[in-house]
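Residue-level listing of the chains:
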Amino acid sequence: LVARVSVAASTPYEVFVGRDPDLGEALAGAAEPGVGVVVTDSNAGPAHSEAVIRALRDLGWTVAGVVEVVAGEASKSLATYESVLRELARLGLDREATLFALGGGVVGDLGGFAAHTYMRGIRLVQLPTSLLAMVDSSVGGKVGLDLPEGKNLVGGFLQPAAVIADTAWLDTLPDRELSCGLAEVIKMGLLAGGDYYRALELLPAALERDPEALEALILHAVGFKARVVAEDEREGGLRAILNYGHTVGHALEAAAGYELLHGEAVALGMLAAAELSYRRYGADLRSEHRRLLRAANLPEDLPELDAESVLEAMRRDKKRRSGEHRFVLLREVGEPEWGVKVEEPEVLEVLERV
Ligand SMILES: NC(=O)c1ccc[n+]([C@@H]2O[C@H](COP(=O)([O-])OP(=O)(O)OC[C@H]3O[C@@H](n4cnc5c(N)ncnc54)[C@H](O)[C@@H]3O)[C@@H](O)[C@H]2O)c1
Ligand SMILES: [Zn+2]
């Protein structure tokens, strides 16, 4: 069964979620068959690009080539971006071409930024293959790169023409990466509350890769993200709530030299946010956070890092405004506050406590 979620962004599109979705149906209305290029990485490509290319050719597409980058966050770099752009040029792609980003969030962000800027922009179709990409990064139009100075410091907005999440792709995803996707699922469930929050009881089944549990959680997450993006596409306000757990999470990722996976860093960042939320608003969601993270097999302890170096990384975060740290906190499940100022001594205290 394939479900679809509409994203009412400035250029609306649909997200298809399910096992073996009909690519033709999903692309109808989004992109007429023409010239396409597949950008992927060294894990998703070998596992899934052949089937995608075959399906596209059956639909009348000309696949000019496959651009494969090395798997991993390090490929969200200016150097890899340059090599992708030059490959697109060598393949002779013009303005009418469509870029299919087949991979996790790295491929989606990197390929998306290439699509955004190649010849001032070509069509982008997101084919997310990691759970994190399916529930979060493929939806909403943020594309970009990292710099050695920090994550996501280069970027833009490009809404995809369509997002197609074939849950069969998850069959080859490593368990640790599945848990990382569940971290973003938990994040949005805590922000959304209601039915979505209650559906987090499906986490153990999703961890066991039960298809119905996974699909239900993906649909909740995509539906929630779509609503947030429709209301605040360019992050003037509300969209900032999606950074729950990310203020500390991004800093941890940087301070750990990217050894900590994004979802794991976010999991730990949410524990810090829960601690701060308790101090600010009195709602004690700390053990609930730990229960949910445990259900998704996510870490609950900070690796051997000193709080100072984490704080140092936080100071470099682009979301920090004029010397203060801004957090997304929870008054309650389903009641986020964003832009909450927290002074450094308190951040340090919380980091040490968590
Ligand atoms: N644009 C956004 O709105 C947004 C939102 C959240 C995160 N992100 C970005 O997304 C990135 C993290 O995404 P990610 O966790 O998907 O990382 P990733 O793209 O590195 O994928 C994780 C790992 O799983 C592998 N993989 C992916 N799909 C696979 C499959 N089906 N089978 C086997 N292996 C597979 C990848 O090769 C990689 O090794 C970060 O760079 C983060 O900044 C962007
Ligand atoms: Zn994230």
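These figures come from a predicted structure and were not determined experimentally.

Here is what the cut-offs are and how they apply
- Residues numbered from 1 in each chain as written.
- Chains lettered and ligands numbered in written order.
- Predicted model: local features only at pLDDT ≥ 70, side-chain atom pairs only at ≥ 80, totals over all residues.
- Heavy atoms only, no water.
- Helix = DSSP H or I, 4+ residues; strand = E, 2+ residues; numbered from the N terminus.
- Buried < 20%, exposed > 50% of the residue type's maximum accessible area, 1.4 Å probe, protein only.
- Contact = heavy atoms within 4.5 Å.
- Lys, Arg positive; Asp, Glu negative; His and termini not counted.
- Charge placed at Lys NZ, Arg CZ, Asp CG, Glu CD.
- Polar contact = N/O pair within 3.5 Å; in protein donor to acceptor, adjacent residues only side chain to side chain.
- Phe/Tyr/Trp six-rings, centres within 6.5 Å; stacked < 30°, edge-to-face > 60°.
- Lys NZ or Arg CZ within 6 Å of the ring centre and 35° of its normal.
- Near = heavy atom within 4 Å.
- Nonpolar A, V, L, I, M, F, W, Y, C, P; charged D, E, K, R; others polar.
- Donors = N, O, S within 2.8 Å, 3.2 Å for Na, K, Ca; no water.
- Pairing = 2+ DSSP bridges.
- Axes fitted to C-alpha atoms, helices over the stretch in contact; angles between N-to-C directions.

A.B. asks: Got a minute to help me understand the overall build of the chain in this structure?
C.D. replies: Each helix and strand in the chain was counted, giving 14 helices and eleven strands. Each principal axis of the C-alpha distribution contributes one length, and for the chain these read about 60 × 40 × 35 Å. The buried share among the 354 residues of the chain stands at 56%. Sequence separation of at least 24 residues holds for 73% of the intrachain contacts in the chain that already meet a minimum separation of 6. One way to put it: in the chain the 36 positive side-chain charges average out to a point 5 Å from where the 55 negative ones average out.

A.B. asks: Explain the environment of arginine 331 to me, please; I cannot follow it from the model alone.
C.D. replies: Note that arginine 331 resides in strand E10 (residues 325-332). Judged by relative accessible area, arginine 331 falls into the partly exposed class, the value being 39%. Expressed as a C-alpha distance, the spacing of arginine 331 and glutamate 352, which sit 21 residues apart in the sequence, is 22 Å. Here arginine 331 is in contact with Tyr281, Ala283 and Glu337, once residues within four sequence places are set aside. A distance of 2.6 Å separates a polar atom in the side chain of arginine 331 from a polar atom in the side chain of glutamate 337.

A.B. asks: Even after reading the chapter, I still don't get the packing of aromatic side chains, so can you show me in this structure?
C.D. replies: For any pair of aromatic rings, geometry is given as the distance between the ring centres together with the angle between the planes. Tallying each qualifying case throughout the model produces three aromatic pairs. The residue whose ring lies beneath arginine 286 is tyrosine 278, and the NZ or CZ to ring-centre distance is 3.9 Å.

A.B. asks: In this structure, what is going on with the site of ligand 1? I would like to understand it.
C.D. replies: Close to ligand 1 lie 25 residues, the nearest being Asp41, Glu73, Thr129, Ser130 and Thr172. A distance of 3.0 Å separates an oxygen atom of ligand 1 from a polar backbone atom of valine 106. Separating an oxygen atom of ligand 1 from a side-chain N or O atom of lysine 151 is a distance of 3.0 Å. Breaking the shell around ligand 1 down by element, the ones donating at least two residues are helix H4 (105-117), helix H5 (131-137) and strand E8 (150-157). A per-class count over the shell around ligand 1 returns six nonpolar, ten polar and nine charged.

A.B. asks: I'm lost on unusual backbone geometry in this one. Help?
C.D. replies: The phi torsion of most residues other than glycine is negative, and most of the peptide bonds are trans. A positive phi angle, close to 45 degrees, is found at aspartate 20, a residue other than glycine. Position of aspartate 20 relative to the elements: it lies in the loop between strand E2 (13-18) and helix H1 (23-27). Residue classification places aspartate 20 among the exposed residues on the basis of a relative accessible area of 57%. Positive phi is not limited to glycine here, since arginine 209 has a value of about 65 degrees. Summarising the element assignment, arginine 209 is placed in the loop between helix H8 (203-207) and helix H9 (211-231). With a relative accessible area of 25%, arginine 209 lands in the partly exposed category.

A.B. asks: Help me out: how do you make sense of the coordination of the zinc ion (ligand 2) in this one?
C.D. replies: Ideal geometry at a metal gives 109.5 degrees between four tetrahedral donors and either 90 or 180 degrees between six octahedral ones. Around the zinc ion (ligand 2), the protein contributes the donor atoms Glu184 (OE), His246 (NE2) and His262 (NE2), at 2.0 to 2.1 Å from the metal centre. Of the residues examined, histidine 246 reaches a relative accessible area of 6% and is grouped as buried.

A.B. asks: So what exactly am I meant to see when it comes to the sheet that holds strand E6 (residues 123-128) here?
C.D. replies: If you trace the seven strands from one edge of the open sheet to the other, you get E1-E2-E9-E6-E5-E3-E4, paired in mixed fashion. In this open sheet, the two edge strands, each paired with only one partner strand, are strand E1 (2-7) and strand E4 (62-69). With direction set aside, neighbouring strand axes in the sheet form an average angle of 20 degrees. Note: E2 against strand E9 (residues 162-166), five bridges, orientation parallel. Following the sheet pairing, valine 15 is matched in E9 by valine 163.

A.B. asks: Looking at this model, I keep getting lost on the pairing of strand E11 (residues 335-342). Mind explaining?
C.D. replies: Two strands pair when backbone bridges link them, and E10 and E11 are joined in this way by six bridges, in the antiparallel orientation. Note on E11: the bridge partner recorded for histidine 325 is valine 342. Connecting the antiparallel pair E10 and E11 is a turn made up of two residues, with glycine 334 showing a positive phi of about 85 degrees.

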